[in-house]
Amino acid sequence: MSEQAATPEPAELQRIDTFETIDTSVPHSARIWNYWLGGKDNHPVDRAAGDAYTDVFPGIVTIARGSRAFLARNVTYLVAEAGIRQFLDVGTGLPSADNTHQVAQRLAPETRIVHVDNDPLVLAHARALLRSTPEGATAYIEADAQDTGRILEAAARTLDLARPTALILSNILGHVATHERARSIVAELMGALPSGSYLSVNDGSAGIDPVFERAQNAYNESGAVPYNLRTVEEITAYFDGLELLDPGVVSVPLWRPDGTGPEPRVIGEHGGLARKP
Ligand SMILES: C[S@@+](CC[C@H](N)C(=O)[O-])C[C@H]1O[C@@H](n2cnc3c(N)ncnc32)[C@H](O)[C@@H]1O
């Protein structure tokens, strides 16, 4: 990796699965999420779906912002305290404030980051995700998270996967239809990473707020790609075989609060950070 870091490559863009068209007639997770985060990369159909959701459950905006703040605190810990210099961020989403590579490279400019998403609109905005420091590197892979083998193969062009790497899965595992498949995706990706690697997961949680669950059920029936809330036990199961850092799997505002994001209280979004022994 020191050799790679000495000669930074140009930013890379790889298309594994090609999702040709940007369909603006159906609401899309990345664009609705962008709307809730206060971004501008969304269409009327996304804003309508986002508003229909907040009419039932306004707390989704706190969940979206709280999970971005959790992600930034995880990345900060990983770079500043755990010495991680490589990230694989699957289900990256549209560029927003404090993307993984921005937080990481601000602290350690030599950090290398691979972003993966399957939404063609995210691909269209990939330029912002590829803006790397000269000392580090960024890449964007258009792929379905289920294609773990091909994602790892493509990521290996930018990352040295023999070295500790942090896998970021922020609000994507809920899009995988079954918990069993979501668990196997985590296991396949983490299985390819060496000891000293990390897993950061946060996801919408079931069993916390019935109004949230009602809004989510209505959203899932709207024609958008469904997002399945998972119980705290199911989210915790993603970390099986890994060493969970304190305070374990908790509601995201309660994960090492530092004044960023919403006030520390339980909301329907849980996450944790763990090290591979
Ligand atoms: C709710 S957004 C989360 C974005 C960002 N990670 C965050 O936490 O702010 C979910 C993202 O996952 C992407 N996604 C959903 N299913 C996917 C799949 N099967 N493969 C790759 N990306 C997927 C969507 O396109 C979207 O960008």
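Located above this text is the structure these notes cover.
Bear in mind the structure is a predicted one, so any value in this text is a computation, not a measurement.

S.K.: What am I meant to see in the overall build of the protein here?
M.R.: Each helix and strand in the protein was counted, giving 11 helices and 9 strands. Here the C-alpha radius of gyration of the protein, 17 Å, is about what a compact globule of 277 residues would show, namely 19 Å. With respect to the principal axes defined by its C-alpha atoms, the protein has extents near 55 × 40 × 35 Å. By the burial criterion, 53% of the 277 residues in the protein qualify as buried. Here the analysis covers contacts within the protein between residues at least 6 apart in sequence; of these, 74% occur between residues at least 24 apart. A total accessible area of about 11400 Å² is found for the protein, and carbon and sulfur atoms account for 52% of it. Averaging the coordinates of the 23 positive side-chain charges in the protein and doing the same for the 36 negative ones gives two points 4 Å apart.

S.K.: Explanation requested: the site of the ligand in the structure shown.
M.R.: Surveying the vicinity of the ligand reveals 17 residues, the closest of which are Trp-33, Gly-91, Asp-117, Ala-145 and Ser-170. Within the side chain of Asp-117, a nitrogen or oxygen atom sits 2.6 Å from an oxygen atom of the ligand. Ala-145 places a main-chain nitrogen or oxygen 2.8 Å from a nitrogen atom of the ligand. In the complex, the protein chains occlude 94% of the 600 Å² of accessible area that the ligand would expose alone.

S.K.: Just checking my understanding: could you explain the packing of helix α2 (residues 29–36) against helix α3 (residues 44–56) for this structure?
M.R.: Helix-helix packing: each pair is described by the crossing angle between the helix axes and the interaxial distance. Interhelical geometry of α2 versus α3 gives an angle of 65 degrees and a closest axis separation of 9 Å. Between α2 and α3 lies a crossing of right-handed hand. In contact with Arg-31, Ile-32, Tyr-35 and Trp-36 of α2, α3 contributes Asp-46, Arg-47, Ala-49, Gly-50, Asp-51, Tyr-53 and Thr-54. Looking at the contact of α2 with α3 residue by residue, the class counts come to 5 nonpolar, 2 polar and 4 charged.

S.K.: Where do I start with helix α8 (residues 148–155) in this structure?
M.R.: An α-helix turns once every 3.6 residues. As a result, residues three or four positions apart point the same way. Of all the positions in α8, only Thr-148, Ile-151, Leu-152, Ala-154 and Ala-155 are classed as buried. For α8, the angular spread of buried residues about the axis comes to 165 degrees, placing them on one side. Structurally, α8 contributes buried residues whose contacts are with β1 (12–15), β2 (86–90), β3 (112–117), β4 (137–142) and α9 (179–191).

S.K.: Help me understand the pairing of strand β6 (residues 198–204), please; the structure alone is not making it clear to me.
M.R.: The two faces of the sheet receive side chains in turn, since in a regular strand these alternate between them. The buried fraction of β6 amounts to 7 of the 7 residues, a majority that puts the element mostly inside the structure. Pairing of strand β5 (residues 166–170) with β6 involves 5 bridges; the strand directions are parallel. Looking across to β6, one finds that Leu-167 is bridged to Leu-199. This β-α-β element, β5 to α9 to β6, shows right-handed connectivity.

S.K.: What is the right way to read the packing of aromatic side chains from this model?
M.R.: In this description, an aromatic ring pair is defined by two values, namely the gap between the centres and the angle between the planes. Taken as a whole, this structure holds 5 aromatic pairs when the rule is applied. Between the aromatic rings of Trp-36 and Tyr-53, the centroid separation amounts to 5.0 Å while the plane-to-plane angle is 70 degrees, which identifies the pairing as edge-to-face. Of the two residues, Trp-36 sits in helix α2 while Tyr-53 sits in helix α3, which places them 17 residues apart along the sequence. Assigned by exposure class, Trp-36 and Tyr-53 land together as buried.

S.K.: Help me out: how do you make sense of the pattern of salt bridges in this one?
M.R.: Two side chains bearing opposite charge may form a pair once their charged atoms approach each other closely. Applying the stated criterion across every chain, the model contains 8 salt bridges. Between Arg-31 and Asp-46 there is a salt bridge; the shortest N-O distance is 2.8 Å. Pair noted here: Arg-31 is in helix α2 and Asp-46 is in helix α3, with a separation of 15 residues, a long-range link. Pair check on accessibility: Arg-31 and Asp-46 agree, each one buried. Arg-85 serves as the salt-bridge partner of Glu-110, at 3.0 Å between the closest nitrogen and oxygen. Pair noted here: Glu-110 is in the loop between α5 (100–107) and β3 and Arg-85 is in the loop between α4 (60–80) and β2, with a separation of 25 residues, a long-range link.

The rules behind the values
Residues numbered from 1 in each chain as written. Predicted model: local features only at pLDDT ≥ 70, side-chain atom pairs only at ≥ 80, totals over all residues. Heavy atoms only, no water. Helix = DSSP H or I, 4+ residues; strand = E, 2+ residues; numbered from the N terminus. Rg over C-alpha atoms; globule rule 2.2 N^0.38 Å. Buried < 20%, exposed > 50% of the residue type's maximum accessible area, 1.4 Å probe, protein only. Contact = heavy atoms within 4.5 Å. Areas by Shrake-Rupley, 256 points an atom, 1.4 Å probe, with all protein chains shown as cover. Lys, Arg positive; Asp, Glu negative; His and termini not counted. Charge placed at Lys NZ, Arg CZ, Asp CG, Glu CD. Near = heavy atom within 4 Å. Polar contact = N/O pair within 3.5 Å; in protein donor to acceptor, adjacent residues only side chain to side chain. Axes fitted to C-alpha atoms, helices over the stretch in contact; angles between N-to-C directions. Left-handed = near helix turned anticlockwise from the far one by under 90°. Nonpolar A, V, L, I, M, F, W, Y, C, P; charged D, E, K, R; others polar. Arc of directions from axis to C-beta. Pairing = 2+ DSSP bridges. Right-handed = clockwise from strand over helix to strand, strands pointing away. Phe/Tyr/Trp six-rings, centres within 6.5 Å; stacked < 30°, edge-to-face > 60°. Salt bridge = Lys/Arg side-chain N within 4 Å of Asp/Glu carboxyl O.

By themselves, these are just geometric observations and shouldn't be taken as functional.
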